[in-house]
Amino acid sequence: MKIGVVTFPGSLDDVDARRAAAVAGAEAVALWHGDADLHGVDAVVLPGGFSYGDYLRAGAISRFAPVMDTIIKKAGGGLPVLGICNGFQVLCESHLLPGALIKNHHRKFICKDQALRIENNRTAWTSDYDANHEITIVLKNQDGSYVADEATLDRLEGEGLVVARYLDENPNGSYRDIAGISNERGNVVGLMPHPEHCVETLTGPSTDGLGFFTSVLKAVVAS
Amino acid sequence: MSTDTVSNATSTPDVEQPWAELGLKPDEYQRIRDILDRRPTSCELAMYSVMWSEHCSYKSSKVHLKKFGDIPQETPAGKMLAGIGENAGVIDIGEGYAVTFKVESHNHPSYVEPYQGAATGVGGIVRDILAMGARPVAVMDPLRFGPLDAPDTKRVLPGIVSGVGGYGNSLGLPNIGGEVVFDSTYLGNPLVNALCVGVMRHEDLHLANATGIGNQIILYGAKTGGDGIGGVSVLASETFADGGPTKRPAVQVGDPFMEKLLIECTLELFAARIVEGIQDLGGAGLSCATSELASAGDGGMHVSLDKVPLRDASLAPEEILMSESQERMMAVVTPAGVEEFLKICAKWDVQADVIGEVTDTGLLQIDWHGERVVDVPPRTVAHDGPVYERPIARPAWQDELQADGAEKLPRATTGEELRDTLLKLIASPNLCDKSWVTDQYDRYVLGNSVLAQPEDSGMIRVDETSGLGVAVSTDCNGRFAKLDPYTGAKLALAESYRNVATTGARPAAVTDCLNFGSPEDAGVMWQFSEAIRGLVDGCIELGIPVTGGNVSFYNQTGETPILPTPVVGVLGVIDDVTRRTPIGFTAEMEGHQLYLLGETEEELSGSEWAHVIHGHLGGRPPAVDLAVEAQLADILINASRDGLIDAAHDVSDGGVAQVLVESTLRGGTGARVWAPDGLDPFLFLFAESAGRAVVAVPRTEEVRFTDMCTARRFPHTKIGVVTGESLDVQDQFEVSLTDLRETWTATLPAALG
């Protein structure tokens, strides 16, 4: 069972995502943005960071990396893909997920321990959570405000595609408190907070993030 | 304009040169003429002017800094592998690892252009650490501002914080500590100090020298632009005067994305073992890198300046030599390694160009389109700058200041008054919650942050298997330093040392950032020399060396210098980070016994209480006994290792009251405390005596813990118990944690939005 983690120029949390995959029991494989080969991985994480310095728009340049061509194609075939923070932005720019992420409403970078509710535990990345499981994981972003038109938001909610919602105060102005969404098939998930920083109590506020990585192991075995 | 070549300079000895505009004094200009036996070319003049600036040459501080050499160069953790004079100090921490760390100032640029000034301050120190061969693993930023309610603070502070965060966050470096301090003397001259820690294997240590005749000089990273020209001489080495021209063009502009690529690219170059010598380009840009590399190596270097890739093709050679464009490095590479070097740079989309080579001439020779524009002995540029024995005089007002102690001021006596005092103090800018600032910094990235602010020190795991780690704290109470610079510097050292030990790490080495007013003021030079004397004596007593640091002079507005601010960073080593001690009282600690370690004296001068309640600064700072500090550290480290304590917090600004507020709010569990017999409750809560800490001891370990203190004859007094949802000072007052939190957290958001 191999989880690939893509490194774009400016990726920052790639090492953390690989560590989290390993803690969950997977073999972590480093993937390079310029290499279209996925090296036989069973799932892919697009990690957090400021790929290409967020120049133009967050995720807008990474979306054109050779590795993304393969990922977009295989995601259509069911490959589990998790985009965290900048990875979520890349997924939206790639049109694997609807909507976009814009600058936080308070215009500041924010790093805090954030309470979330997992609202959809039927995706490849969230099956290990209970329905409406409340977790606290790290949130840190500059452009974390999820936006989409009303029709899209209604559809996401109507079809149960909102994966996670912020609890307590909305930290970045996301519409309808949305922290993460998935595609219809449930294999592609975008999440603004960082589960990869929450896999050991020594260095994170909780181990609540581990479930994303253990879930995908089961999803791969089941498929 | 035709190029001012060496032959032109020789044949036109009497040409007027703009040495004064470049910040040189008449005798310094004459000295350059004496060294060269002719007038310098305009390029040479540019190089000497930036390299002989206060910032680069340490001409006013050199004679004092030499005293750091009197400290034994061994650390309690292991050998010092590189020390003062290198880009950053390096110490052996065992298991084949070495760490490098250093703190630097970026004060003046951050006043002129807060965001970019602070951002490039972070960028500069990170490249220093990288240049030693290490992977940067954490940053911290001691910051000082004018009063929180001053209009200019609202311009300067958000920009600086956003710059520190914007740059560090984009590099993927956790920001794990630092300080945010307010004092009226920093209005118009904020302090932005930036510290970086790096980790490497011993064999990865790299030094800045250009050896091996025929080896190639490669400039890589960002292209050279017109930003930051003369930053060190124009900005860092002068005070600001009203009505002068704006100095914004002398501030550099940073691109953290480029720096992130530079870091990964450089680490891959190190791993490929093709880097013979390396230097980052910071202050004084190419002038510094070429002259320092050459003078530390075989002595000769030839550079074709026209091969330097430019962002702005119209730049003159003098400007290219002085530019402080960010995100550039210079490497020395064998001819056989060049191809692989360029290949690795291409992988990371980093531009790299061979611009010269190491020669046997003993001279630094630079050509511009085939014409020689620089021909100098490199040592004369890099190391033989002027050295000044500046006049030193103890200020006339010092005695009067010291005679005016805060101990005589009226104090709270009733429970109600003590409660009011506490609430006023915790809402004051220096003691209130700083998360408005620190929430803008990523403290989690890289996944090794074991402790981060508001803990006593930041702690980073170095090895995931063994648990080996390092802890770092930075501290300075400038008010204490003003009252007595010698004792104030020792107190800064003591506090930083104590903060590291409180988390369970053994202090090993020191870096310092010495922020002072103008060296041309004899009173300031006295403060400076006293502070150094205090640091040297303190380090000798504690057995830890100074491995590097930085001096920042000219921090004053008009005639008013800042509080003398010798910021001290102490780095400690911990064998197993899972044993670390946090500050918070958690629900699991309900019933733990609280002990105050150390003696509380009637010491209120220079305290936060005197500052906030009375707007008073006078008297003598708390006494400092470093033998006591070392004993206390030993107890804290052993208690952490043996599991005798579950929380600990050093006592400093704001006294025991502040400790109790921070520890209860951090962990979410309250405390019931009482003043020990014979101690006035006011002094118990607010005195700032040094050499103290509060610890939370599980009942099951109480006997072992007190036996250990007794055996070491160290004062330890039971002051309470962890319990409930309030801070209850018995027989005096009680405040709920909710009210404490509301008061403590409201200040910065209310002032800054």
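This one's a predicted model, so the numbers in the text were calculated from it and none came from an experiment.

This next bit is on the overall build of chain B. Each helix and strand counted, chain B has 26 helices and 28 strands in total. Here the C-alpha radius of gyration of chain B, 26 Å, is about what a compact globule of 753 residues would show, namely 27 Å. Expressed along its principal axes, the backbone C-alpha trace of chain B runs to roughly 85 × 55 × 45 Å. When each of the 753 residues of chain B is scored for burial, the buried share is 63%.

Let us now look at the overall build of chain A. Counting secondary structure elements, chain A contains five helices and 11 strands. Here the C-alpha radius of gyration of chain A, 15 Å, is about what a compact globule of 223 residues would show, namely 17 Å. Along the first, second and third principal axes, the C-alpha atoms of chain A reach 40 × 40 × 35 Å. Among the 223 residues that make up chain A, the fraction classed as buried is 59%. Nonlocal contacts in chain A, meaning residues at least 24 apart in sequence, comprise 75% of its contacts between residues at least 6 apart.

Residue and element names in this part refer to chain A. Within helix H3 (residues 86–93), eight of the eight residues are buried, which leaves the element mostly enclosed by the surrounding structure. Inspection of H3 places Asn86, Gly87, Phe88, Gln89, Val90, Leu91, Cys92 and Glu93 among the buried residues, and these make up the whole buried set. Histidine 95 lies just past H3 and shows a positive phi near 65°.

Turning our attention to the sheet that holds strand E4 (residues 135–145) of chain B. All names here are of chain B. Sheet architecture is open: six strands sit in the order E1-E2-E3-E6-E4-E5, paired in mixed fashion. On the outer flanks of this sheet lie strand E1 (80–82) and strand E5 (175–182), each paired with one strand and no other. Across the sheet, the mean angle from the axis of one strand to that of its neighbour is 20°, orientation sign disregarded. Bridge count between strand E3 (residues 97–105) and strand E6 (residues 191–201): nine bridges; the pairing is antiparallel.

The next thing to look at is the interface of chain B and chain A. Listed as interface residues are 24 residues of chain B and, on the opposing side, 22 residues of chain A. Contributing elements (two or more residues each) for the side of chain B that touches chain A: helix H8 (151–171), helix H10 (256–271) and strand E14 (449–451) of chain B. When residues of the side of chain B that touches chain A are assigned to their parent elements, the largest contribution, four residues, is made by H10 of chain B. Here the side of chain B that touches chain A is built from residues that sort into nine nonpolar, nine polar and six charged.

With that out of the way, let us pick up the nonpolar core. Counting 320 residues, the largest nonpolar core has Val44 of chain A together with Met51, Val99, Val470 and Val695 of chain B as the members making the most contacts within it. When sequence neighbours within four positions are dropped, the list of residues in contact with methionine 51 of chain B reads Cys56, Ser57, Ala284, Ser287, Cys288, Ser291, Val381, Ala382 and Gly385 of chain B.

Bringing the sheet that holds strand E24 (residues 671–673) of chain B into the picture now. Residue and element names in this part refer to chain B. In space, the seven strands of this open sheet follow the order E23-E25-E22-E26-E24-E27-E28, with mixed pairing throughout. The sheet terminates laterally at strand E23 (647–650) and strand E28 (733–736), the two strands that pair on one side only. Ignoring which end each strand starts from, the neighbouring axes of this sheet average 20° apart. Two elements, E24 and strand E26 (residues 716–722), share three bridges in a ladder whose sense is antiparallel. Looking at the pairing, alanine 671 lines up with valine 722 of E26.

Residue and element names in this part refer to chain B. Burial of E4 is extensive: 10 of the 11 residues sit out of reach of the surface. With seven bridges joining them, E4 and E6 adopt antiparallel strand pairing. Looking at E6, one finds that alanine 138 is bridged to valine 197. Sheet topology places E4 next to E5; six bridges connect them, and they run parallel. Looking at the pairing, leucine 143 lines up with valine 180 of E5.

All names here are of chain B. Summarising burial for strand E25 (residues 693–697): five of the five residues are buried, a large majority. The alternating pattern of E25 places Ala693, Val695 and Val697 on one face and Val694 and Ala696 on the opposite face, and all of these are buried. Across four bridges, the pairing between E23 and E25 is antiparallel. Pairing of histidine 649 across the sheet is with valine 694, part of E25.

So, about unusual backbone geometry. Only a minority of non-glycine residues have a phi that is not negative, and only a minority of peptide bonds are not trans. A cis amide bond links glutamine 453 of chain B with the next residue in sequence, proline 454 of chain B, at an omega value of 10°. Among the secondary structure elements, proline 454 of chain B is positioned in the loop between E14 and strand E15 (458–461). Of note, cysteine 85 of chain A is a non-glycine position whose phi angle comes to about 55°, a positive value. Here cysteine 85 of chain A shows up in the loop between strand E4 (81–84) and H3.

Residues and elements named next belong to chain B. Averaged over all residues, the pLDDT of chain B equals 94, while 97% of them reach at least 70. Across residues 240–248, confidence stays below pLDDT 50; counting only partners more than four residues off in sequence or on other chains, it has six contacts. In the model output, the complex is listed with pTM 0.95 alongside ipTM 0.97.

Bringing the packing of helix H3 (residues 42–51) of chain B against helix H11 (residues 285–296) of chain B into the picture now. Residues and elements named next belong to chain B. For the pair H3 and H11, interaxial distance at closest approach is 9 Å and the crossing angle is 85°. With respect to each other, H3 and H11 are oriented roughly perpendicular. Two secondary-structure elements touch here, H3 through Ala46, Met47, Val50 and Met51 and H11 through Ser287, Cys288 and Ser291. Residue composition of the contact of H3 with H11, by class: five nonpolar, two polar and no charged.

For the rest of this paragraph, the subject is the environment of glycine 584 of chain B. Residue and element names in this part refer to chain B. Tracing the backbone shows glycine 584 in the loop between strand E21 (565–574) and strand E22 (593–597). In this structure the C-alpha to C-alpha distance between glycine 584 and lysine 490, which are 94 residues apart in sequence, comes to 27 Å. Once residues within four sequence positions are removed from consideration, glycine 584 is found in contact with Ala647, Ser663, Arg666 and Gly667.

Further remarks concern helix H20 (residues 522–542) of chain B. For an α-helix, 3.6 residues make a turn, and residues three or four places apart therefore share a direction. Here H20 of chain B contains 21 residues, and its C-alpha end-to-end distance of 30 Å stays within 8% of the 30 Å for a straight helix at 1.5 Å per residue. Count one or two residues on from H20 of chain B and you reach glycine 543 of chain B, which has phi positive near 70°.

We now examine the packing of helix H22 (residues 626–641) of chain B against helix H25 (residues 702–711) of chain B. All names here are of chain B. Contact pair H22 / H25: the axes reach a minimum separation of 11 Å and the direction vectors enclose 155°. Considering their axes alone, H22 and H25 lie roughly antiparallel with respect to each other. H22 and H25 meet at a crossing whose hand is right-handed. Taking contact as the criterion, the partners of Ile635, Asn638 and Ala639 in H22 are, on H25, Phe705, Met708 and Cys709. Its residues assigned to classes, the contact of H22 with H25 shows five nonpolar, one polar and no charged.

Another point: the environment of isoleucine 583 of chain B. Residues and elements named next belong to chain B. By secondary structure assignment, the location of isoleucine 583 is in the loop between E21 and E22. Residue isoleucine 583 is classed as buried on the basis of its 23 C-beta neighbours within 10 Å. Residues contacting isoleucine 583, with those up to four places away along its chain left out, are Glu455, Asp456, Ala647, Ala648, His649, Glu662, Ser663 and Arg666.

On to the environment of proline 317 of chain B, then. All names here are of chain B. As for its position among the elements, proline 317 is in helix H12 (residues 317–322). Along the chain, proline 317 and isoleucine 366 lie 49 residues apart, while their C-alpha atoms are 9.9 Å from each other. Setting aside residues up to four positions removed in sequence, proline 317 forms contacts with Thr3, Cys43, Leu305, Trp368 and Val373.

What counts and how
Residues numbered from 1 in each chain as written. Chains lettered and ligands numbered in written order. Predicted model: local features only at pLDDT ≥ 70, side-chain atom pairs only at ≥ 80, totals over all residues. Helix = DSSP H or I, 4+ residues; strand = E, 2+ residues; numbered from the N terminus. Rg over C-alpha atoms; globule rule 2.2 N^0.38 Å. Buried ≥ 20, exposed ≤ 12 C-beta atoms within 10 Å, placed from the backbone. Contact = placed C-beta atoms within 7 Å. Pairing = 2+ DSSP bridges. Axes fitted to C-alpha atoms, helices over the stretch in contact; angles between N-to-C directions. Nonpolar A, V, L, I, M, F, W, Y, C, P; charged D, E, K, R; others polar. Core = buried A, V, L, I, M, F, W, Y, C linked by C-beta atoms within 7 Å. pLDDT = per-residue confidence, 0-100. Parallel < 35°, antiparallel > 145°, perpendicular 65-115°, else oblique. Expected span 1.5 Å × (residues − 1). Left-handed = near helix turned anticlockwise from the far one by under 90°.

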